[in-house]
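# Examination of the molecular architecture
Next come the chains, spelled out residue by residue.
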Amino acid sequence: MQSLIYMNNAATSWPKPGCVADAVSEALCAPPGSANRGGIEDFDVFEETRKSLTQLMKGQHYNRIALGANSTWGLNLAIQGFPLKTGDTVVTTAAEHNSVLRPLYKLRRERHIKIIWVPVDDGGRVCPESWEKACYTYKPALCVLTHASNVTGAVNNICLLTHIAKQVNATVLIDASQTLGMVPVQIDDWNIDMLAFTGHKYLLGPQGTGGLYVKPGLHLEPLLCGGTGIQSDRKEMPPEMPIHLEAGTGNEPAYYGLLAALRWSEENPADIKRIELLTEHLKQGLADTGAAVIAPQGKCTPVVSFVIEGKSAAEIGYILTESYDIVCRSGLHCAPRIFTDLGCDSTVRLSLSRFTTEEEIKAVIQAVSSIMR
């Protein structure tokens, strides 16, 4: 029986370290923790997770991280909770995920904000000159930018692009869904105002984990209101972070899993050079078969998108999965605006992890070669 080849880590990473499932199972079997709601008082998994995440992001203020279900939760919280006024401008890019696009469309309908789209190059990367022109021309209240394209893997120069936005006094929101755990993130040195992240991709944690970092001094209106376990006599959410943004009971078992993954990764750092070499091998191997590979120059995540002339991305993805047991992704990848700049209407996406092997890369190339015949 052919072994499954999992190449969809940009969607959800797999496999996870064994300690992740163990931690979730143990949390489900144990009495619930406190988290201000009664229960066992000796360990706060949410606080410990915030501390680990803050260290990973090279920050200082762990209590400025609000934890929720995923990066979509964090992005909605940031975009809809930010004090945009009627007629304000938001500058963003053609590479953004629907988790950014749809909240912006909603605010355009409801608050009549203006959205400016900065194009990307044919590798999916934002050109600093185009970004600077948009920022200086439109003087946005908010800039929203993905750290890396989930379609092509192209990593943006967040330090530079944030600096440019700050020159026009814009607040900056970064979507780090595709990078945290794989690409260095430095919230303080890069002067980032808000950063959304998810736990189930390169952090290797369970689904149902993620959140939002909010810089000290920046106030957001909570999207949800409800219980926090403290200050229950207040008619509004408590003003202190992070409970100001965290209504309701958190996913404690999943966060035990994420904390276990964070600690495991700290003890077992990824061999980034090896992952980069495997990614380049895959790109070159696919190109040698005759497939049209999107191959951005410069820093990239381990994501490879390609198309085959005369075949739809959906057809190729179906064949790879059904005939070769290669789990991949085909279509728009929830980032529909990028494809005009890429010059295609959809792609097949393969995404590696630290667990991907050379043998798996060879098998994928061979499968695509067979499809090309």
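Within any chain, residue numbers begin from 1 and follow the written order of that chain's sequence. Where totals are concerned, whole chains, interfaces and linings use all residues; where local detail is concerned, this predicted model gives features only for residues with pLDDT of at least 70, and gives and counts side-chain atom pairs only at 80 or more. Only hydrogens and water are removed before side-chain values are computed, so all heavy atoms of the structure are retained for them.

## Notes on the side chain of Thr-198
The residue Thr-198 is located in strand β7 (residues 194-198) in this model. Here a polar contact is taken to be a pair of N or O atoms separated by no more than 3.5 Å, where protein atoms must pair a possible hydrogen donor with a possible acceptor and residues adjacent in sequence count only if both atoms sit in side chains. For Thr-198, the side chain forms a polar contact with the main-chain oxygen of Thr-209, separated by 3.4 Å. Numbering of helices and strands starts at the N terminus; helices are DSSP runs of H or I of at least 4 residues and strands are runs of E of at least 2.

## Things to note about the domain arrangement of the chain
Just so you know, the domain bounds were taken from an automatic or database domain assignment. In terms of domain boundaries, the chain breaks down into domain 1 (5-16 + 271-372) and domain 2 (18-267). Computed from C-alpha coordinates alone, the two centres of domain 1 and domain 2 are separated by 27 Å. A contact between two residues is defined here by any heavy atoms of the two lying within 4.5 Å. At the junction of the two partners, domain 1 supplies 34 residues and domain 2 supplies 37 residues. Where domain 1 abuts domain 2, roughly 2800 Å² becomes buried across the two surfaces, and 57% of that area is made up of carbon and sulfur atoms. In the sections that follow, a salt bridge refers to a side-chain nitrogen of Lys or Arg positioned within 4 Å of a carboxyl oxygen of Asp or Glu. Where domain 1 touches domain 2, the interface holds zero salt bridges. Counting across the domain 1 and domain 2 interface gives 22 residue pairs in polar contact (both at pLDDT 80 or more). Listed by contribution, the elements that provide at least two residues to the side of domain 1 that touches domain 2 are α8 (272-289), β10 (303-307), α10 (339-342) and β13 (347-351). Of the residues that constitute the side of domain 1 that touches domain 2, the class distribution is 18 nonpolar, ten polar and six charged. Here the buried area means the combined drop in accessible surface, using a 1.4 Å probe, for two parts upon being joined, counting both sides. Polarity classes work like this: nonpolar for Ala, Val, Leu, Ile, Met, Phe, Trp, Tyr, Cys and Pro, charged for Asp, Glu, Lys and Arg, and polar for all others, with Gly in that last group.

## A short note on the pairing of strand β6 (residues 171-175)
Classification of residues uses two cut-offs on accessible area relative to the type maximum, computed with a 1.4 Å probe and protein chains only: under 20% is buried, over 50% is exposed, and between them is partly exposed. Among the five residues that make up β6, five are buried, leaving the element largely enclosed by the rest of the structure. Alternating residues of β6 divide into Thr-171, Leu-173 and Asp-175 and Val-172 and Ile-174, and every residue in both groups is buried. Both strand β5 (residues 142-146) and β6 contribute to a ladder of five bridges, which runs parallel. Residue pairing for β6: Leu-145 is matched across the bridge by Ile-174. Here, strands pair whenever DSSP counts at least two bridges between them.

## Thoughts on the sheet that holds β7
The sheet built from seven strands is open, its strands ordered β2-β8-β7-β6-β5-β3-β4 with mixed pairing. Of all the strands in the sheet, the pair left with one neighbour each is β2 (65-68) and β4 (114-118). Pairs of neighbouring strands in the sheet enclose a mean axial angle of 15 degrees, with direction left out of account. Here β7 runs beside strand β8 (residues 210-214); their pairing, made up of five bridges, is antiparallel. From the neighbouring strand, Leu-195 faces β8, where its bridge partner is Tyr-213. Between N-to-C directions, angles cover 0 to 180 degrees, with each direction set by a line fitted to C-alpha atoms, over the stretch in contact for helices.

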